[in-house]
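# Summary of the model geometry
Spelled out from the first residue to the last, the chains are:
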Amino acid sequence: MPVWYSSLAGWAFPTSFIRLRQELVDYLAADDTERKAFDGALIADIIKELGKVMKTMSGAQFVSVDDCSPTDTERFESKCGAVHSPESAWKYICCSEKVRSAAKAGRVRHLCVRPYRNITLAREFRLFVVDGKLAAMSQYNLIRHYYRLDGVKEEYLALAEDFIREAAWRIPLDRVVIDIYITSSGKVMVVDLNPWGEPTDPKLLHTWERDWNTPAGIVLMDIPRKISGDVNVSF
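As the structure is a computational prediction, the values presented were derived from the model and not from experiment.

The next point concerns the sheet that holds strand β8 (residues 218-219). In space, the 5 strands of this open sheet follow the order β7-β6-β4-β5-β8, with mixed pairing throughout. The sheet is open, and its two borders are formed by β7 (188-194) and β8, each paired with just one other strand. Sheet analysis places strand β4 (residues 124-130) next to strand β5 (residues 133-139), joined by 6 bridges and oriented antiparallel. Residue pairing across strands places V130 opposite K133, the latter belonging to β5. On top of the sheet, helix α8 (residues 153-167) reaches β4, β5, β6 (175-182), β7 and β8; it is set at about 140 degrees to β5, its chief contact.

Further remarks concern the packing of helix α2 (residues 22-29) against helix α6 (residues 86-95). What describes two packed helices is the angle between their axes and the distance between those same axes. Packing of α2 against α6 brings their axes to within 8 Å, and their N-to-C directions diverge by 55 degrees. If you check the angle between α2 and α6, you find them oblique. Packed against α2, whose contacting residues are L24, Y27 and L28, the element α6 presents W90, I93 and C94 at the interface. The class makeup of the residues in the contact of α2 with α6 is 6 nonpolar, no polar and no charged.

Let's shift gears to the packing of aromatic side chains. All chains considered together, the criterion is met by 13 aromatic pairs. Counting every residue linked through ring pairs, the aromatic cluster contains F128, W196, W208 and W212. The ring of Y140 carries K203 above its face, with NZ or CZ at 4.0 Å from the centroid.

Okay, the sheet that holds strand β3 (residues 110-115) next. Ordered by their spatial adjacency, 3 strands build an open sheet running β1-β3-β2, and the pairing between neighbours is antiparallel. In this open sheet, the two edge strands, each paired with only one partner strand, are β1 (16-19) and β2 (61-65). Each neighbouring strand pair of the sheet contributes to a mean axis angle of 20 degrees, computed without reference to strand direction. Taken together, the 4 bridges between β1 and β3 define a ladder with antiparallel strand orientation. Residue pairing across strands places I18 opposite L111, the latter belonging to β3.

About the criteria used
Residues numbered from 1 in each chain as written. Predicted model: local features only at pLDDT ≥ 70, side-chain atom pairs only at ≥ 80, totals over all residues. Heavy atoms only, no water. Pairing = 2+ DSSP bridges. Helix = DSSP H or I, 4+ residues; strand = E, 2+ residues; numbered from the N terminus. Contact = heavy atoms within 4.5 Å. Axes fitted to C-alpha atoms, helices over the stretch in contact; angles between N-to-C directions. Parallel < 35°, antiparallel > 145°, perpendicular 65-115°, else oblique. Nonpolar A, V, L, I, M, F, W, Y, C, P; charged D, E, K, R; others polar. Phe/Tyr/Trp six-rings, centres within 6.5 Å; stacked < 30°, edge-to-face > 60°. Lys NZ or Arg CZ within 6 Å of the ring centre and 35° of its normal.

Below, the structure is given as structure tokens:
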């Protein structure tokens, strides 16, 4: 996020970044036993600094690291990651195995702090961008078919295409996957940028082995169908 934020800040949620000492990166990469040997004063200092940043924002906040969020923690499951105190924010960053793996791989340098947004799942999408053009747009949350999207899908596709036309030159990659959120007022907000190909999930495009030069438009989950009569199912 610190890499792309400056280029796409006009389409992103306001975010503050806290640079981490190398000792704290090592702490995040360590297991619970190894962490006992670290200097407690460093932990107290980062919580204090995190508190100063969080005080500049009202309401709940969402805290992540450079290229991942603690989505594998209990806090994310129960509260979608919303935190109200620096102690809670640091606790769940430390609890995340995703964060630990990223720190071990050298991909953690910052804490990223932004106001928490209660996102409507039906308005999250994944964009597949090839050579500065929108190759495909997939529903992000594959929970069910959202009937509310049937009447606005072409409008949402047009909003995504307009966003890519304006912003593509700011991204120095031939191929990139961009997660977006469309607000109730019709503004496209960038949530994250992802690398092209595995392990990034192609969502409803299903496979990376396809002709990406042929636009696929917007792809949504199918309307559920009811089957009646004598139905035999075998597994």
